[in-house]
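# Commentary on secondary and tertiary structure
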Amino acid sequence: MKIAVLPGDGIGPEIVAQAVKVLDVLRREGLGLEYEYGEMGGAGYDAAGDPYPPATSKLAREADAVLLGAVGGYRYDTLPRPLRPEQGLLRIRKELGLFANLRPAMLYPELASASSLKPEVVSGLDLMILRELTGDIYFGQPRGLRRTDEGEREGYDTMLYSESEISRIAHVGFKTAMKRGKRLCSVDKANVLETSVLWREVVTEISRDYPQVDLSHMYVDNAAMQLVRNPKQFDVILTGNMFGDILSDEASMLTGSIGMLPSASLDAEGKGLFEPIHGSAPDIAGQNVANPLATILSAAMMMRHTFNQEEAAARIEHAVRKALSDGFRTPDIHQEGMTRVGTKEMGDAVAARI
Ligand code: IPM
Ligand code: MG
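Residues numbered from 1 in each chain as written. Chains lettered and ligands numbered in written order. Predicted model: local features only at pLDDT ≥ 70, side-chain atom pairs only at ≥ 80, totals over all residues. Heavy atoms only, no water.

### Focus on the sheet that holds strand E8 (residues 183-188)
Sheet strands pair by backbone hydrogen bonding; their relative direction is either parallel or antiparallel. What the ten strands build is an open sheet, ordered E2-E1-E3-E12-E11-E4-E5-E10-E8-E9; its pairing is mixed. The open sheet has two edge strands with one neighbour each: strand E2 (34-37) and strand E9 (214-219). Shown here is a sheet whose adjacent strand axes are inclined to one another by a mean of 25°, direction ignored. Pairing analysis gives five bridges linking strand E11 (residues 262-266) to strand E12 (residues 272-276), with the strands arranged antiparallel. (Pairing = 2+ DSSP bridges. Helix = DSSP H or I, 4+ residues; strand = E, 2+ residues; numbered from the N terminus. Axes fitted to C-alpha atoms, helices over the stretch in contact; angles between N-to-C directions.)

### Quick word on the domain arrangement of the protein
Taken domain by domain, the protein comprises domain 1 (1-103 + 259-354) and domain 2 (116-255). Centre-to-centre, using C-alpha coordinates, domain 1 lies 24 Å away from domain 2. On the side of domain 2, 18 residues touch domain 1, which itself brings 14 residues to the contact. Carbon and sulfur atoms make up 66% of the surface buried where domain 1 meets domain 2, a total of about 1,500 Å² over both sides. Scanning the region where domain 1 abuts domain 2 turns up zero salt bridges. On the surface where domain 1 and domain 2 come into contact, there are five residue pairs in polar contact (both at pLDDT 80 or more). For the side of domain 1 that touches domain 2, the secondary structure elements donating two or more residues are helix H4 (85-95) and strand E4 (100-106). Counting residues per element, the side of domain 1 that touches domain 2 draws most heavily on E4, which supplies four residues. (Domains from an automatic or database assignment. Contact = heavy atoms within 4.5 Å. Buried area = accessible area lost by both parts, 1.4 Å probe. Salt bridge = Lys/Arg side-chain N within 4 Å of Asp/Glu carboxyl O. Polar contact = N/O pair within 3.5 Å; in protein donor to acceptor, adjacent residues only side chain to side chain.)

As structure tokens, then:
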């Protein structure tokens, strides 16, 4: 199992080191893991003048899975767009065909009071957002900046989904629902957008292959509202790239701790890129205060989704739970009476509980 490890920027290197520490416990027990490190994002720009350097691309293509920290930093904000760290992320997603982005939002009972919503609204929350990741307005052509005949500046993008793009993500959506609560809510804006009219049609057609799954449709504005009104009504949310970007940030906050949530971005064969959903947090980088749990849980998702090592995945997840129930807390989730620890110490606590 060859893993390309791309720590990236900001807190990336610190949190990735903790995930590797945890994986190393399994490796020492005999799990055949191999790591190779590469540069990505701002680190790629610093090393090779490119947020996704050719050497990193080669490494990622040859590996079975990619573990990513986070990308981005103040220093890179003023670079021309193609050189910005985020472009590295978009390119690796596209190049590796990582069209299926799984973003679970679940609330650990130990952290129920960390949510900004009332405990009764969020306790027991366990939903999965499945976001299409390589199409939509993020990649649609044409796009650009231009001047009108009158000389006014215009910016334009194209929202576009082909039938095959919709159907392959819809299949993942129904299969994901089959493994969970068998409810799939497809989110679109079919009252306004043609792209969404096709989306809804194709998802409905594919639902005939999955008679056990209860399919519903919801407009994205309503979905944004329902997520804070009654988030427990959802099991799996299936949506496009841009709506999924927005709704997954919203959903993450229901759990009170963006530092807790992992993600998987998978291709058609299950090869994937695994990363925390939070960013590079340059304001706290290098201070040993970042929460490494989202990255550690991303390593668990890697074991499950790419390597079919369900037992290894479950052991990592249990170890995280145990560290929390034993009272270990990084500053972002710290509460009275708990043991405040740093990034490294949290990594140690989880590793010791594998
Ligand atoms: C995410 C991020 C990215 C996205 C950015 C950094 C390009 O917000 O992974 O959700 O919009 O997809
Ligand atoms: Mg986002």
